[in-house]
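# A structural walkthrough
In case you want the letters, here they are:
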Amino acid sequence: MASVGIIANPSAGKDIRRLVASGRVISNQEKANIITRFVKGLAHKGLKDIYFMPDKASLYGPCTEEFKNLLNINFLDTKYYDGPEQTLYAAKLINNIGCDCVLVLGGDGTNRLVAKNIGNIPIVPISTGTNNAFPIIIDPTVAGLAAGFFIQSKQKKIKKSLISQKSKLTVSIDDKYQDIALIDMAISNQNFVGSKAIWDPNVLDQLFLTQSDPISIGLSAIGSKVTQIPKNHAIKLEFSKEGEKVYAPIAPGLISEIFINNWELFSYNKKYTLSNYSGTIALDGEREIEIYKKNKIEITLQKEGPFVLDVIKSVHQENLLKN
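Residues numbered from 1 in each chain as written. Predicted model: local features only at pLDDT ≥ 70, side-chain atom pairs only at ≥ 80, totals over all residues. Heavy atoms only, no water.

With that settled, the discussion passes to the packing of aromatic side chains. A full pass over the atoms with the stated rule returns six aromatic pairs. Between the aromatic rings of phenylalanine 208 and phenylalanine 266, the centroid separation amounts to 6.2 Å while the plane-to-plane angle is 85°, which identifies the pairing as edge-to-face. Of this pair, phenylalanine 208 sits in strand S10 (residues 204-209) while phenylalanine 266 sits in strand S13 (residues 254-266), and the two are 58 residues apart along the sequence. Residue classification places phenylalanine 208 among the buried positions, given a relative accessible area of 1%. Grouped by ring-pair contacts, the aromatic residues Phe52, Tyr60 and Phe75 constitute a single cluster. Across from the ring centre of phenylalanine 150, 5.3 Å away, lies the NZ or CZ of lysine 159, which sits over that ring. Taking the ring centre of tyrosine 272 as reference, the NZ or CZ of lysine 270 above it sits at 5.3 Å. (Phe/Tyr/Trp six-rings, centres within 6.5 Å; stacked < 30°, edge-to-face > 60°. Helix = DSSP H or I, 4+ residues; strand = E, 2+ residues; numbered from the N terminus. Buried < 20%, exposed > 50% of the residue type's maximum accessible area, 1.4 Å probe, protein only. Lys NZ or Arg CZ within 6 Å of the ring centre and 35° of its normal.)

Let us look at the pattern of salt bridges. Per the stated rule, a full pass over the model turns up 14 salt bridges. Ionic pairing is found between glutamate 65 and lysine 68, a salt bridge with its closest N-O pair at 3.0 Å. Relative accessible area serves as the criterion here: at 48%, lysine 68 is assigned to the partly exposed category. Through salt bridges with shared partners, a single ionic network connects Arg112, Lys116, Asp179 and Glu288. (Salt bridge = Lys/Arg side-chain N within 4 Å of Asp/Glu carboxyl O.)

Counting 31 residues, the largest nonpolar core has Ile6, Ile35, Phe38, Val39, Phe52 and Val124 as its most contacted members. Secondary structure elements with two or more residues in this core: strand S1 (3-8), helix H2 (28-44), strand S2 (49-52), strand S4 (101-106), strand S5 (123-127) and helix H6 (140-152). Broken down by element, the residue count for this core peaks at six residues, all from H6. Sequence-distant contacts of isoleucine 6, that is, excluding residues within four places in its chain, are made with Ile35, Phe38, Val39, Ile50, Tyr51, Phe52, Met53, Ile94, Val102 and Leu103. (Core = buried A, V, L, I, M, F, W, Y, C linked by side-chain atoms within 4.5 Å. Contact = heavy atoms within 4.5 Å.)

Here we take up the pairing of strand S3 (residues 72-75). Sheet analysis places S2 next to S3, joined by four bridges and oriented parallel. Considered in S3, the bridge of phenylalanine 52 is made with phenylalanine 75. Each parallel crossover has a hand, and for S2 linked through helix H3 (residues 61-66) to S3 it is right-handed. (Pairing = 2+ DSSP bridges. Right-handed = clockwise from strand over helix to strand, strands pointing away.)

The residue histidine 44 is located in helix H2 in this model. Residue class for histidine 44 comes out exposed when judged on its relative accessible area of 65%. Separated by 232 residues in sequence, histidine 44 and asparagine 276 place their C-alpha atoms 57 Å apart.

Looking now at the packing of H2 against H6. One way to put it is that H2 packs onto H6 with a least axis distance of 7 Å and a crossing angle of 35°. When the axes of H2 and H6 are compared, the crossing they make is right-handed. Along its contact with H2, which presents Ile34, Arg37, Phe38, Gly41, Leu42 and His44, the element H6 presents Pro140, Thr141, Ala143, Gly144, Leu145, Ala147 and Gly148. Residue composition of the contact of H2 with H6, by class: seven nonpolar, five polar and one charged. (Axes fitted to C-alpha atoms, helices over the stretch in contact; angles between N-to-C directions. Left-handed = near helix turned anticlockwise from the far one by under 90°. Nonpolar A, V, L, I, M, F, W, Y, C, P; charged D, E, K, R; others polar.)

Moving on, we get to the side chain of glutamate 298. By secondary structure assignment, the location of glutamate 298 is in strand S17 (residues 296-302). Engagement of the side chain of glutamate 298 in a polar contact is seen with the side chain of lysine 296, the distance being 3.5 Å. If near-sequence neighbours (up to four positions away) are discounted, glutamate 298 is found in contact with Thr170, Val171, Ser172, Asp175, Lys271, Tyr272 and Thr273. (Polar contact = N/O pair within 3.5 Å; in protein donor to acceptor, adjacent residues only side chain to side chain.)

Our next topic: the sheet that holds strand S15 (residues 279-283). Strand pairing in a sheet is mediated by backbone hydrogen bonds. Such pairs are either parallel or antiparallel. Pairing is antiparallel across the open sheet formed by seven strands, whose spatial order is S12-S13-S11-S10-S9-S15-S16. Of all strands in the sheet, those with a lone pairing partner are strand S12 (244-251) and strand S16 (286-291), marking the two edges. Shown here is a sheet whose adjacent strand axes are inclined to one another by a mean of 35°, direction ignored. Across four bridges, the pairing between strand S9 (residues 184-188) and S15 is antiparallel.

Pairing is antiparallel in the open sheet, where four strands are placed in the order S8-S7-S17-S14. Strands at the two margins of the open sheet, each flanked by one partner only, are strand S8 (176-181) and strand S14 (271-275). On average, each strand axis in the sheet is tilted by 25° relative to the strand beside it, whichever way the strands run. Direction of pairing for strand S7 (residues 168-173) relative to S8: antiparallel, over a ladder of five bridges. Paired with leucine 169 across the two strands is alanine 181, which belongs to S8.

The packing of two helices is summarised by the inter-axis angle and the distance between the axes. Contact pair H6 / helix H9 (residues 311-322): the axes reach a minimum separation of 9 Å and the direction vectors enclose 65°. Considering the relative orientation of H6 and H9, their crossing is left-handed. Facing H6, whose interface residues are Val142, Ala143, Ala146, Phe149 and Phe150, H9 presents Val311, Ser314, Val315, Gln317, Glu318 and Leu321. Of the residues belonging to the contact of H6 with H9, the class tally is eight nonpolar, two polar and one charged.

Once that is clear, we can look at helix H5 (residues 108-117). Counting buried positions along H5 gives eight out of 10 residues, so the element sits mostly inside the fold. For H5, the set of buried residues is Asp108, Gly109, Thr110, Asn111, Arg112, Leu113, Val114 and Ala115. Immediately beyond the C-terminal end of H5, within one or two residues, lies glycine 119, with a positive phi of roughly 65°.

Have a look at this one:
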């Protein structure tokens, strides 16, 4: 029986960048509205089994009320309510259930958490965060229809063509796997995690990117100032007080200057080592890991990242089959 998981982060789009920059606020009401519209697209395609991640804000409430007699509504027993632990556990449960895809509402950080435990389940990432280089901005009704078409497609060749596997950056500390980033991994000279978000370019010493899109907001925008990143590659940038001065929108409404001292493209066979360094590592825009001079840090690009449904391609493919 086909099924879809839904993970919506009630905290996405509400961090400190609303104070230090001009980050938009996506209200809980709008997130609930997005969920309902997505499910309407699924329901139109005949999908009935939905697995929701519960949350204290009841983002699922309007949807479950509207469809209570029409769909099979299920709630994941996440054991946590809100916070990263709940997102991680919800992704693990959806993977165990074997859902056909999962809707993720959030930014780069939310999708990073989901990617860690979702296995091969395709992600439908819709932007409701601050830095949104990984998720897309699209009407959720269209996304629901696209997901429904993908799930119901009987042709394996077509179905396979609608998903793509993304690369990921991995970091190990003292030869032990530590964490991943989907878009950017930054080495910061700040010695504490604090409010997590990075909005000051002066704290950056190195930056690793899987994507350098000039229309993105966040650290990945810096990479677009030097080159495009080819498929199956990433870029490493080094910063100092001298070098090529560039500007980039590293947070919404916040355009910052930074000096690039050196940069290079790399692929899967390259490993970068950092030692005798004290600071923090930021994953997809947020400081997560404190490191000390005694630690040995290794950073690599790996091809086994999350699978993502190409919503736009799915819509086009359905139209082609009808013509």
